[in-house]
Amino acid sequence: MAWAKENGGNNKAAELNYVDRSLDGPSHNFSLMPTPSKHTQYPYVTGSSVLGIKYKDGILLASDTAGCYGSTVRYKSVERLKRIGDNTILGASGEISDFQAITNLLDELITEDWMWDDGNKLGPFEIHNYLNRVMYNRRNKFDPLWNSLVLGGIKKGKKYLGMVSMIGVHFQDNHVATGFGNHLARPIFRDEWKEDMTLEEGVKLLEKCLLVLFYRDRSAINKFQMANVTEGGITITEPFALKVNWELEAFRNPTKGAEGSW
Amino acid sequence: MFRNQYDTDVTTWSPAGRLHQVEYAMEAVKQGSAAIGLRSKTHVVLATVNKASSELSAHQKKLFKIDNHIGIAMAGLTADGRVLSRYMRSECINHHFVFESPLPVGRLVVQVADKAQVCTQRSWKRPYGVGLLVAGLDETGPHLYQNCPSGNYSEYQAFAIGSRSQAAKTYLERKFETFMECTKEELIRHALFAVKESLQEEELSSGNCGVAVVGIDEPFVVLDPKTLQSYIESLETGKEEQQTMEETGTDDRQSLQVQHEGTGSRGISVGAGDDSPTDMET
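What counts, and at which threshold
Residues numbered from 1 in each chain as written. Chains lettered and ligands numbered in written order. Predicted model: local features only at pLDDT ≥ 70, side-chain atom pairs only at ≥ 80, totals over all residues. Heavy atoms only, no water. UniProt positions renumbered as here; feature names shortened; annotations may be inferred. Pairing = 2+ DSSP bridges. Helix = DSSP H or I, 4+ residues; strand = E, 2+ residues; numbered from the N terminus. Axes fitted to C-alpha atoms, helices over the stretch in contact; angles between N-to-C directions. Contact = heavy atoms within 4.5 Å. Buried area = accessible area lost by both parts, 1.4 Å probe. Salt bridge = Lys/Arg side-chain N within 4 Å of Asp/Glu carboxyl O. Polar contact = N/O pair within 3.5 Å; in protein donor to acceptor, adjacent residues only side chain to side chain. pLDDT = per-residue confidence, 0-100. Buried < 20%, exposed > 50% of the residue type's maximum accessible area, 1.4 Å probe, protein only. Expected span 1.5 Å × (residues − 1). Parallel < 35°, antiparallel > 145°, perpendicular 65-115°, else oblique. Nonpolar A, V, L, I, M, F, W, Y, C, P; charged D, E, K, R; others polar. Disulfide = S-S within 2.5 Å.

Taking an unreviewed UniProt entry as the reference, chain B is identified by name as Proteasome subunit alpha type belonging to Sphagnum jensenii. In its Subunit (unreviewed entry) section, UniProt records this for chain B: "The 20S proteasome core is composed of 28 subunits that are arranged in four stacked rings, resulting in a barrel-shaped structure. The two end rings are each formed by seven alpha subunits, and the two central rings are each formed by seven beta subunits." Recorded in UniProt for chain B, the comment headed Function (unreviewed entry) runs: "The proteasome is a multicatalytic proteinase complex which is characterized by its ability to cleave peptides with Arg, Phe, Tyr, Leu, and Glu adjacent to the leaving group at neutral or slightly basic pH."

Looking at an unreviewed UniProt entry, one finds chain A named Proteasome subunit beta and attributed to Sphagnum jensenii. Regarding chain A, the relevant UniProt record gives this comment under Function (unreviewed entry): "Non-catalytic component of the proteasome."

Engineer: Would you explain the sheet that holds strand β5 (residues 130-138) of chain B in this entry?
Structural biologist: In sheet architecture, strand pairing relies on hydrogen bonds along the backbone and comes in two forms, parallel and antiparallel. Residues and elements named next belong to chain B. If you trace the five strands from one edge of the open sheet to the other, you get β3-β4-β5-β6-β7, paired in antiparallel fashion. Here the strands that pair on one side only, and so sit at the sheet edges, are β3 (63-67) and β7 (153-155). Direction aside, the axes of adjacent strands within the sheet are offset by 25° on average.

Engineer: What's the story with the interface of chain B and chain A in this structure? I'm lost.
Structural biologist: A common way to report how large an interface is uses the accessible area buried once the components associate. Each partner contributes residues to the interface: chain B has 15 residues there, and chain A has 19 residues. Summing the contributions of chain B and of chain A, the shared interface buries around 1,700 Å²; its carbon and sulfur component is 55%. The largest share of the area that chain B buries against chain A comes from Phe99(B), Arg107(B) and Glu139(B), three residues that together contribute 43% of it. Taken together, the links from chain B to chain A amount to four salt bridges. As a salt-bridge pair, Asp113(A) and Arg107(B) come within 2.7 Å of each other at their nearest N and O atoms. The tally of links from chain B across to chain A stands at twelve residue pairs in polar contact (both at pLDDT 80 or more). No other element matches helix α2 (residues 78-99) of chain B, which puts six residues into the side of chain B that touches chain A.

Engineer: Hey, could you run me through the confidence of the model for chain B in this one?
Structural biologist: When pLDDT drops low, the exact placement of atoms in the prediction is not to be read closely. Residues and elements named next belong to chain B. On average, residues of chain B score 85 in pLDDT, and 83% of them are at 70 or above. In the predicted structure, residues 248-282 sits below a pLDDT of 50 and forms 58 contacts with residues beyond four places in sequence or in another chain. Among the scores for the predicted complex, ipTM is 0.79 and pTM is 0.81.

Engineer: Explain unusual backbone geometry to me, please; I cannot follow it from the model alone.
Structural biologist: The general pattern is negative phi for most residues beyond glycine and trans for most peptide bonds. For Asp196(A), which is not glycine, the phi torsion reads 60° and is therefore positive. Under the relative-accessibility criterion, Asp196(A) is labelled partly exposed at 44%. Of note, Glu100(B) is a non-glycine position whose phi angle comes to about 50°, a positive value. As for its position among the elements, Glu100(B) is in the loop between α2 and α3 (105-118).

Engineer: For this particular structure, what's the right way to read the environment of Ala35(B)?
Structural biologist: Residues and elements named next belong to chain B. Mapped onto the fold, Ala35 is located in strand β1 (residues 35-39). Classification of Ala35 as buried rests on a relative accessible area of 0%. Beyond its immediate stretch of four places on either side in the chain, Ala35 contacts Ala47, Thr48, Ala73, Met74, Ala75, Leu133, Phe159, Ala160 and Ile161.

Engineer: Help me understand the confidence of the model for chain A in this model?
Structural biologist: Per-residue pLDDT for chain A averages 88, and the proportion of residues at 70 or more is 85%. Scored below 50 in pLDDT, residues 1-20 of chain A shows 37 contacts in the model against residues more than four places distant or in partner chains.

Engineer: Hey, could you run me through helix α1 (residues 20-31) of chain B in this one?
Structural biologist: In an α-helix, one turn spans 3.6 residues, which is why side chains three or four residues apart end up on the same side. Residue and element names in this part refer to chain B. Relative to the 16 Å expected for twelve residues at 1.5 Å per residue, α1 spans 16 Å between its end C-alpha atoms, a close match to the ideal helical length. Taken together, the buried positions of α1 are His20, Val22, Ala25 and Val29. Residues of α1 that are buried sit in contact with β4 (70-76) and β5.

Engineer: Help me out: how do you make sense of the packing of helix α3 (residues 124-140) of chain A against α2(B) in this one?
Structural biologist: Packed helix pairs are specified by the crossing angle of their axes together with the interaxial distance, meaning the distance between the axes. The N-to-C vectors of α3(A) and α2(B) enclose an angle of 90°; their axes lie 6 Å apart at closest approach. Between α3(A) and α2(B), the interaxial angle falls into the category roughly perpendicular. Of α2(B), the residues touching α3(A) (which contributes Phe125(A), Glu126(A), Asn129(A), Tyr130(A) and Arg133(A)) are His96(B), Phe97(B), Val98(B) and Phe99(B). Class assignment of the residues belonging to the contact of α3(A) with α2(B) gives a composition of five nonpolar, two polar and two charged.

Engineer: Sorry, what's going on with the state of the cysteines here?
Structural biologist: Linking two cysteines covalently via their sulfur atoms produces the bond known as a disulfide. Residue and element names in this part refer to chain B. Counted under the stated rule, the structure contains zero disulfides over all chains. Counting only cysteine sulfurs, Cys119 is the nearest neighbor of Cys92, a cysteine outside any disulfide, at a range of 19 Å. The thiol of Cys209 is not disulfide-bonded; the next cysteine sulfur, from Cys182, is found 18 Å away. Residue class for Cys209 comes out buried when judged on its relative accessible area of 3%.

Engineer: Looking at this structure, how should I read the sheet that holds strand β9 (residues 209-215) of chain B?
Structural biologist: Residues and elements named next belong to chain B. Strand order in the open sheet formed by five strands is β8-β1-β2-β9-β10, with antiparallel pairing between adjacent strands. Edge positions in the open sheet fall to β8 (158-161) and β10 (218-222), since each of these has one partner strand only. Strand-to-strand, the axes of this sheet are offset by a mean angle of 10°, without reference to chain direction. Here five bridges tie β1 to strand β2 (residues 43-49), and the two strands are oriented antiparallel to one another. Residue Leu38 lies in a different strand from β2, and its bridge partner there is Val45. Against the sheet, helix α4 (residues 165-175) touches β1 and β8, its axis set at about 170° to β8. Strands β1, β2, β9 and β10 of the sheet are contacted by helix α5 (residues 184-199), whose axis makes an angle of about 25° with β2.

Engineer: For this particular structure, what's the right way to read the UniProt feature "domain: Proteasome alpha-type subunits" (unreviewed entry) in chain B?
Structural biologist: UniProt annotation of "domain: Proteasome alpha-type subunits" (unreviewed entry) refers to residues 6-28 of chain B when read in the numbering used here. End C-alpha to end C-alpha, residues 6-28 of chain B measures 19 Å, and it is 39% helix and 0% strand.

Engineer: I tried to follow the environment of Ile53(A) on my own but got confused; where do I start?
Structural biologist: Residue and element names in this part refer to chain A. Mapped onto the elements, Ile53 comes out in strand β2 (residues 50-54). As for Ile53 and Leu205, which are separated by 152 residues in sequence, their C-alpha atoms are 9.1 Å apart. With residues near it in sequence (within four places) discarded, Ile53 still touches Gly58, Ile59, Leu60, Leu161, Asn174, His175, Phe189, Trp193, Met197, Gly202, Leu205 and Leu206.

Engineer: In this structure, what is going on with the pattern of salt bridges? I would like to understand it.
Structural biologist: If you walk through the whole model with that rule in mind, you get 20 salt bridges over all chains. A salt bridge links Arg252(A) to Glu249(A), with the nearest nitrogen and oxygen atoms 3.8 Å apart. The class of Glu249(A) is exposed, set by a relative accessible area of 61%. The closest approach of N and O atoms between Arg126(B) and Asp80(B), which form a salt bridge, is 2.8 Å. With Arg126(B) in the loop between α3 and β5 and Asp80(B) in helix α2, this residue pair connects regions lying 46 residues apart in the sequence.

Written as structure tokens, this is what we have:
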């Protein structure tokens, strides 16, 4: 039953995906013979920002396809945007393996929902809340899933775009971003996003922000994907690159005037 | 009724392929006082016949709100019904906590049915002795289901369970084709007419029946005695107006009804042709 998956999932099937380790995380912190803590202390392979905006017909999500191993950009074809069911898309930044675990969990949820075969379907808002419960519960066990998740979808004409962080903070908005996107992209959104943009306008806005992120975020690469969800369905683009211009004035002598520079 | 050999255990089959204990449990439902349910495109109405065990006591509570969008009426062992309604409330709350959206009534009904089935396949358990009429909403609209002690469930346009429910069912069978288009008030009046059939000699009053309604954008609510009494009184005025309307034949609904029901309807006095709009005291 779907309700049994709350609180991170006590589902035996989910455990099988994780050899020796349930999706729950360690189930207790104290014992007579304490074993070394297996809690997540830091992420290993991480993805950078995810951007999301609402537009006239639905939601657009965008991210690059880099998986960084610390300061090395080690994997350059990581898909960080995934479809969930047929009316929701999920983007994640942070630990890639945790993102894969979350995708597995959601796929199971969607399959179970589909098996009911009764005309009811989990919508994006329900999935958002479910993810929030999972993330918050893991945080309470001091073993978070190290992700910032962006979830977007549309159901019966109602658009939804929201974010869930690794500590269980969650909210909805017209435009969201994770990681560096919060600092670099959201100010641009605040200036330039407007209600009921067309698809072209939305894509242009996202491309502008992706470019800024590529220029300024060291863990971003020039290989992006965009996901689009409308009432008609979900499309995730093939990876594409944007034209960059390193000859811009701001890039000449970049440390001029900076504190401690010469 | 002499079938003692194979009916000791719920886990014993009879040679005829029956589980007698389960059937005895369904008998318990038939002995309980009646519960009636009917639905339209926008609302579901539940009605119960309330029996007091003595003149001194209060009536048994048979209508339960499970969530804002689901409610039940029970017939049979009301103690078993209380336990099931606690389970249903818990399921609804859990679902709402995880998904922040209402549990679709169809899924809840299946969960209850699965729970009931377990009791028919364990030697240390006994089947639930209560039948439920579950009224609720989901994405596809309002629904009415019945849950049996056997673990079966089915969806209905209108149904009645409990003692003397056949009289109510006969009334519902006559009228059910018009229910989908009924307004909330009309639906409640139909329900009260059906309860009247089950009561037979007794006078219908807010003391011996209960009504609850749930609708799209309208949370489940058990009608308070005052509102209930005004509906009951409107049945009387509705009936008088109905007689005159039948004679003049002006009402469209009336002619539709004649089409559906054939010749017998006009002669019958109880509950005859009552779905034309009447002035209702509120």
